[in-house]
Amino acid sequence: MHVGFILDGNGRWASSKSLPRSVGHKKGAENVETILKSCKDLGISNVTLYAFSTENWSRPVFEVKALMKLFHYYLKKKLTMLYQENVKVVIIGDIRPFPKVIKDYVKKLEELTKSNDGMLLNLAMNYGGRSEIVRATRRIVKAFSDGKVRLEDVDEELFAKHLYTRGQNDPDLIIRTAGEQRLSNFLLWQSAYSELYFVEKSWPDFNQSDLIDALNEFKSRKRKYGSLETDEKTQRNQVI
């Protein structure tokens, strides 16, 4: 099962407690560890975390700097731990705008965990669904101009091979916290048939019980993919 998380509400969580927004981001980062452990315990094989969007650069400078420091700390802290836990990490998004030290840690993390065959963790950093689609289109156009792809070869399967998530299953379930009910540029191509689950709790308060509720809700839904009926055998996930 592939579950995507839109980690929303960190700043609002802090503001509601009269704390700096940076405290909320720190609390949210700590909760990532908790939820990833829960996902692993529950047998979820693929997780995508929306860590930093292409739009997040427009936030106040002090908040962006605080997020960069947080990325630096956790990437450094988690390098060996994720390797030891057999987690394979894939970075999706354009990391070029990040500070060099963060880019170096990201590359080390991917390299260190590339042979792991446990949970697959996508970290979406400077990621945007629209920019990903544009990037894939440019790559296909380049391949076409180089004579490597014929026009009749271009289909959904070929397009998917040029996405950051190439070779992965599309997300079965996308969970968004903090009450907002939209994708906000997250996995736009891949989420065509994903089930969406919205919860009022902010991300720092989202816990394993909430995750189980989301999985049970997912199990109760009929995934028809445009047809009239879906064989229950295709519902691969059991009620927790």
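Residues numbered from 1 in each chain as written. Predicted model: local features only at pLDDT ≥ 70, side-chain atom pairs only at ≥ 80, totals over all residues. Heavy atoms only, no water.

### Digging into the environment of His-2
And step 1. With respect to the helices, strands and loops of the structure, His-2 is situated in strand S1 (residues 2-6).
And step 2. Judged by relative accessible area, which is 2%, His-2 ranks as buried.
And step 3. The residues contacting His-2, other than those within four sequence positions of it, are Asn-46, Val-47, Thr-48, Asn-122, Gln-168, Asn-169, Asp-170, Pro-171, Asp-172 and Leu-173.
And step 4. In this structure the side chain of His-2 is engaged in a polar contact, spanning 2.8 Å, whose partner is the side chain of Thr-48. (Helix = DSSP H or I, 4+ residues; strand = E, 2+ residues; numbered from the N terminus. Buried < 20%, exposed > 50% of the residue type's maximum accessible area, 1.4 Å probe, protein only. Contact = heavy atoms within 4.5 Å. Polar contact = N/O pair within 3.5 Å; in protein donor to acceptor, adjacent residues only side chain to side chain.)

### Brief notes about the packing of helix H2 (residues 21-41) against helix H3 (residues 61-84)
Helix packing for two helices is described by the angle between their axes and how far apart those axes are.
And step 1. Direction vectors running N to C along H2 and H3 enclose 25°, while the axes themselves pass 10 Å from each other. One finds that H2 runs roughly parallel with respect to H3. Here H2 runs over H3; the crossing is right-handed. Residues Arg-21, Ser-22, His-25, Lys-26, Ala-29, Glu-30 and Glu-33 of H2 lie in contact with H3, whose contacting residues are Glu-63, Ala-66, Leu-67, Leu-70, Tyr-74, Lys-77 and Lys-78.
And step 2. Residue classes in the contact of H2 with H3 are distributed as five nonpolar, two polar and seven charged. (Axes fitted to C-alpha atoms, helices over the stretch in contact; angles between N-to-C directions. Parallel < 35°, antiparallel > 145°, perpendicular 65-115°, else oblique. Left-handed = near helix turned anticlockwise from the far one by under 90°. Nonpolar A, V, L, I, M, F, W, Y, C, P; charged D, E, K, R; others polar.)

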